[in-house]
Protein chains: 2
Amino acid sequence: MKKLLIVLFLIVSVKSFSQNAADDVAYYCALCNNDCDKIAFEKPGVCNHCNMTLVKMSKAERMKELSWKPITVAFYLQDGVEVLDFAGPMEVFAYAGFKVFTVSKTTSPILSQGILKIIPDYSIANAPESDMIAFFGGNGERSFDSDVIGWLKSRESKTKYFFSVCTGAFALGKAGLLDNKTATTFHLSIDNLKKSFSKTTVVSDARFVDNGTVITTAGISAGIDGALHLVAKLKGEKAAIDAAYYMEYDKWTPKQGLILEAKP
Amino acid sequence: MKKLLIVLFLIVSVKSFSQNAADDVAYYCALCNNDCDKIAFEKPGVCNHCNMTLVKMSKAERMKELSWKPITVAFYLQDGVEVLDFAGPMEVFAYAGFKVFTVSKTTSPILSQGILKIIPDYSIANAPESDMIAFFGGNGERSFDSDVIGWLKSRESKTKYFFSVCTGAFALGKAGLLDNKTATTFHLSIDNLKKSFSKTTVVSDARFVDNGTVITTAGISAGIDGALHLVAKLKGEKAAIDAAYYMEYDKWTPKQGLILEAKP
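Every value quoted in this text rests on a predicted model; they were computed, and no experiment measured them.

Definitions and cut-offs
- Each chain carries its own residue numbering, running from 1 in the written order of its sequence.
- Note on labels: chains are lettered from A, ligands numbered from 1, in written order.
- Predicted model: local features are reported for residues with pLDDT of at least 70 only, side-chain atom pairs are reported and counted for 80 or more only, and whole-chain, interface and lining totals are derived from all residues.
- In computing side-chain properties, one takes all heavy atoms of the structure into account and sets aside hydrogens as well as water.
- Helical segments are the DSSP runs of H or I of at least four residues, strand segments are the runs of E of at least two, and each set is numbered from the N terminus.
- Only protein chains enter the accessibility calculation, which uses a 1.4 Å probe; a residue whose area is less than 20% of its type maximum is buried, one above 50% is exposed, and one in between is partly exposed.
- Here, Shrake-Rupley sampling with a 1.4 Å probe gives the accessible areas, and only protein chains in the shown set may cover a residue.
- The charged-residue count follows a simple rule in which Lys and Arg add positive charge and Asp and Glu add negative charge, with His and chain termini not counted at all.
- Lysine's charge is taken at NZ, arginine's at CZ, aspartate's at CG and glutamate's at CD.
- Any two residues whose heavy atoms approach within 4.5 Å are treated as being in contact.
- Two parts placed together each lose some accessible area under a 1.4 Å probe, and adding up what both lose gives the buried area.
- Just to be clear on terms, a salt bridge is a Lys or Arg side-chain nitrogen sitting within 4 Å of an Asp or Glu carboxyl oxygen.
- Pairs of N or O atoms are called polar contacts if they sit within 3.5 Å, as long as, within protein, a hydrogen donor faces a hydrogen acceptor (for residues adjacent in sequence, only side-chain-to-side-chain pairs).
- Geometry is summarised by axes, namely lines fitted to C-alpha atoms with helices restricted to the contacting stretch, and by angles between N-to-C directions that run from 0 to 180 degrees.
- Each angle is binned into one of four classes, with values under 35 degrees roughly parallel, values over 145 roughly antiparallel, values of 65 to 115 roughly perpendicular, and all other values oblique.
- Take the far helix as the reference: if the near one is turned anticlockwise from it by less than a right angle, the crossing is left-handed, and if turned clockwise, right-handed.
- All residues other than Ala, Val, Leu, Ile, Met, Phe, Trp, Tyr, Cys, Pro, Asp, Glu, Lys and Arg, Gly among them, are scored as polar; the first ten of these are nonpolar and the last four charged.
- Here the copies are matched by least squares. The fit uses the C-alpha atoms of residues with pLDDT of at least 70 in both.
- Here a pair means two rings of Phe, Tyr or Trp (six-membered ring of Trp) with centres within 6.5 Å. Their orientation is stacked below 30 degrees between planes, edge-to-face above 60, and tilted elsewhere.
- Note: two strands are recorded as paired if DSSP finds a minimum of 2 bridges between them.

Engineer: Explain the overall build of chain A here, please?
Structural biologist: Helix and strand counts for chain A stand at eight helices and 14 strands. When its C-alpha atoms are laid out on the principal axes, chain A stretches across 85 × 35 × 35 Å. Taking all 264 residues of chain A together, 53% fall into the buried category. On chain A, roughly 12,000 Å² of surface is accessible, and the fraction owed to carbon and sulfur atoms is 55%. Looking at charge distribution, chain A has the averaged site of its 30 positive side-chain charges lying 5 Å from that of its 28 negative ones.

Engineer: Just checking my understanding: could you explain the interface of chain B and chain A for this structure?
Structural biologist: A common measure of how large an interface is: the accessible area buried when the components associate. If you look at the interface, chain B gives 50 residues, while chain A gives 50 residues. Of the roughly 4,200 Å² buried between chain B and chain A, counting both surfaces, carbon and sulfur atoms make up 57%. Run the count over chain B and chain A and you get four salt bridges. A salt bridge links Asp250(B) to Arg207(A); the shortest N-O distance between them is 3.3 Å. Where chain B meets chain A, there are 25 residue pairs in polar contact (both at pLDDT 80 or more). The set of elements that each furnish at least two residues to the side of chain B that touches chain A consists of strand 2 (54–58), helix 3 (83–95), strand 4 (99–104), strand 6 (116–119) and helix 8 (237–246) of chain B.

Engineer: What should I look at first to understand the packing of helix 3 of chain B against helix 7 (residues 222–235) of chain B in this one?
Structural biologist: The angle between the axes and the distance between the axes are what describe a pair of packed helices. Residues and elements named next belong to chain B. Put simply, helix 3 and helix 7 touch, their axes get as near as 8 Å, and they point 25 degrees apart. Considering their axes alone, helix 3 and helix 7 lie roughly parallel with respect to each other. As for the relative orientation of helix 3 and helix 7, their crossing is right-handed in sense. Counted together, Gly-88, Pro-89, Val-92 and Phe-93 of helix 3 and Gly-223, Ile-224, Ala-227, Leu-228, Leu-230 and Val-231 of helix 7 form the full contact between these two elements. Its residues assigned to classes, the contact of helix 3 with helix 7 shows eight nonpolar, two polar and no charged.

Engineer: So what exactly am I meant to see when it comes to the relation of the copies chain B and chain A here?
Structural biologist: Turning one copy of the chain about an axis and sliding it along that axis gives the other copy, so a rotation and a shift relate them. Each copy superposes on the other: chain B lies on chain A with an RMSD of 0.0 Å after a rotation of 180 degrees and an axial shift of 0.0 Å. Viewed as a symmetry operation, the transformation between the two copies matches a two-fold axis. Proximity to the rotation axis, assessed at the C-alpha, singles out Ile118(B) in chain B; its C-alpha lies 2.3 Å from the axis. Taken together, the interface assignments show that 100% of the residues at the interface of chain B recur at the interface of chain A, consistent with an identical surface on both copies.

Engineer: Just to check I follow, could you spell out the packing of aromatic side chains for this structure?
Structural biologist: The geometry of two aromatic rings is summed up by the distance between their centres and the angle between their planes. What the rule picks out here adds up to 26 aromatic pairs over all chains. The interplanar angle of 75 degrees and the centroid separation of 5.1 Å between the aromatic rings of Phe186(A) and Tyr246(B) together place this pair among those described as edge-to-face. Taken as a pair, Phe186(A) in the loop between strand 10 (182–183) and helix 6 (190–196) and Tyr246(B) in helix 8 lie in two separate chains rather than in one. For the pair shown, Phe186(A) and Tyr246(B) are each scored as buried. Aromatic side chains Tyr95(B) and Tyr246(B) sit 4.2 Å apart centroid to centroid with 20 degrees between the ring planes, which places their arrangement in the stacked category. Residue Tyr95(B) is located in helix 3, and its partner Tyr246(B) is located in helix 8; the two are separated by 151 residues in the primary sequence.

Engineer: Quick question: what am I supposed to make of the pairing of strand 1 (residues 25–29) of chain B here?
Structural biologist: Regular strands place their side chains on alternate faces of the sheet. Residues and elements named next belong to chain B. Judged by how many residues are buried, strand 1 sits mostly within the fold: four of five residues are covered. Pairing geometry for strand 1 and strand 2, over five bridges, is antiparallel. When the bridges of strand 2 are listed, Val-25 appears paired with Ser-58.

Engineer: Help me understand the side chain of Ser123(A) in this model?
Structural biologist: All names here are of chain A. Relative to the helices and strands, Ser-123 is located in strand 7 (residues 122–123). Residue Ser-123 is classed as buried on the basis of its relative accessible area, which comes to 10%. Engagement of the side chain of Ser-123 in a polar contact is seen with the backbone nitrogen of Ala-125, the distance being 3.0 Å. Ignoring anything within four residues of it in the chain, the contact list for Ser-123 reads Val-103, Ser-104, Lys-105, Thr-106 and Thr-107.

Remember, this is a structural readout, not a statement about activity or role.
Here's what the structure looks like:
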């Protein structure tokens with residue numbers, strides 16, 4: 001009789017555990033910062049509030065995501081900015097739940113790649129502070145004039161991370177942020193970066209270089225790799241792998257860059 | 001004496017040939033459709049007219065580029081369009097000299113990825129004809145309403161190529177353009193595409209599928225591969241390799257997709 005009771009107890013316990021584990025898994029929209037972020041859908045599909053495709057995860061995973069304080073990132077977009085330079089990192093950061101906004105010299109529309117008309121969210125006169133400032137290539141270094149570099153310098157003590165893609169490195173260099181650091185840039189601008197910033201060690205064989213708080217990447221598509229590295233560094237490698245998987249960046253290899261200082 | 005004359009003739013000929021070959025090579029800006037496209041610079045650097053980085057090539061190569069009649073491409077951008085879906089192909093096509101313009105339901109600004117404010121060039125009421133029409137994912141299929149699909153259908157006989165990235169495939173499907181064809185889409189929407197379009201063979205293991213004039217790609221970053229394939233198909237493989245090299249898309253493998261009909 002005692003044995004029978006133990007067996008019955010075990011059966012009930014296992015059944016109850018299985019049910020709890022099953023109950024815990026649901027389908028959630030990718031974080032969109034709307035109320036629907038908290039809705040657990042029973043079936044896969046599309047969120048009927050924000051239209052994002054639903055992703056399977058446990059309630060605990062979603063709660064952890066929601067409790068994470070988003071990294072804020074100012075994307076400086078100059079007239080003539082190369083479209084993939086900024087769009088790759090924007091895709092990565094958005095999926096990872098970072099809060100991205102755009103800044104330009106003024107709030108007048110700019111033209112990216114000679115094609116895409118963009119209205120910046122802020123000018124350098126009214127842009128809010130952010131955890132990270134990012135610069136991108138396109139239209140030569142002359143876009144990074146004394147006003148823009150003055151703004152960047154004024155944010156140095158209030159900003160934790162500086163990120164550049166392609167020839168965006170010249171903005172960081174002009175502001176002195178690459179002094180005594182290692183950096184990279186667009187492959188056709190490596191020599192120019194060397195000549196321009198004698199206090200910087202310029203490397204040509206890295207997809208990105210992480211000095212700890214100053215991260216530069218090679219040209220154009222390498223911004224995707226730099227952004228995925230930043231997500232891994234600031235939110236954990238799983239978040240970066242999830243983003244790469246979601247965006248079907250199949251050939252991505254984590255840590256495929258020069259990491260001089262891994263700590264956040 | 002005769003031997004000496006022959007040797008002298010050969011020396012002069014070789015020198016002259018070398019000079020001609022050397023004279024023929026110069027540095028040109030990436031095609032920007034301005035007058036500077038024809039300027040041959042003596043040294044590498046940046047074009048002082050359009051600010052594009054100069055690329056080394058022969059005069060013959062540049063003349064061939066200039067004589068090529070650009071492919072025109074209408075990028076349909078709905079509110080909520082996924083930023084990398086369209087920005088990858090825009091980067092590729094722009095570098096390859098295709099003429100890209102943007103179209104939306106109206107010319108009111110749209111928001112991409114919840115972040116980027118874009119002013120479309122045209123609405124579906126006034127968009128010019130083009131060699132290619134491209135659709136992208138983001139914001140669910142509901143963006144592709146009867147007005148948009150009506151516009152797409154009205155362009156069917158005047159447009160040579162139809163291209164979709166990610167869930168942009170649903171627009172092509174709704175217009176009947178995927179009937180009796182093979183197609184792919186974003187990995188989380190494969191089942192939905194199968195259910196929605198019973199006359200379409202849907203594959204989940206191809207980065208892109210080329211039916212000849214209808215080309216669909218997998219999700220988000222796969223648009224880059226689809227666009228590079230289209231450049232190879234319509235302008236030659238060298239043009240695609242040049243674009244991939246320029247944008248540092250290092251891991252790209254030409255033809256890594258399902259090519260059912262290779263002919264332009």
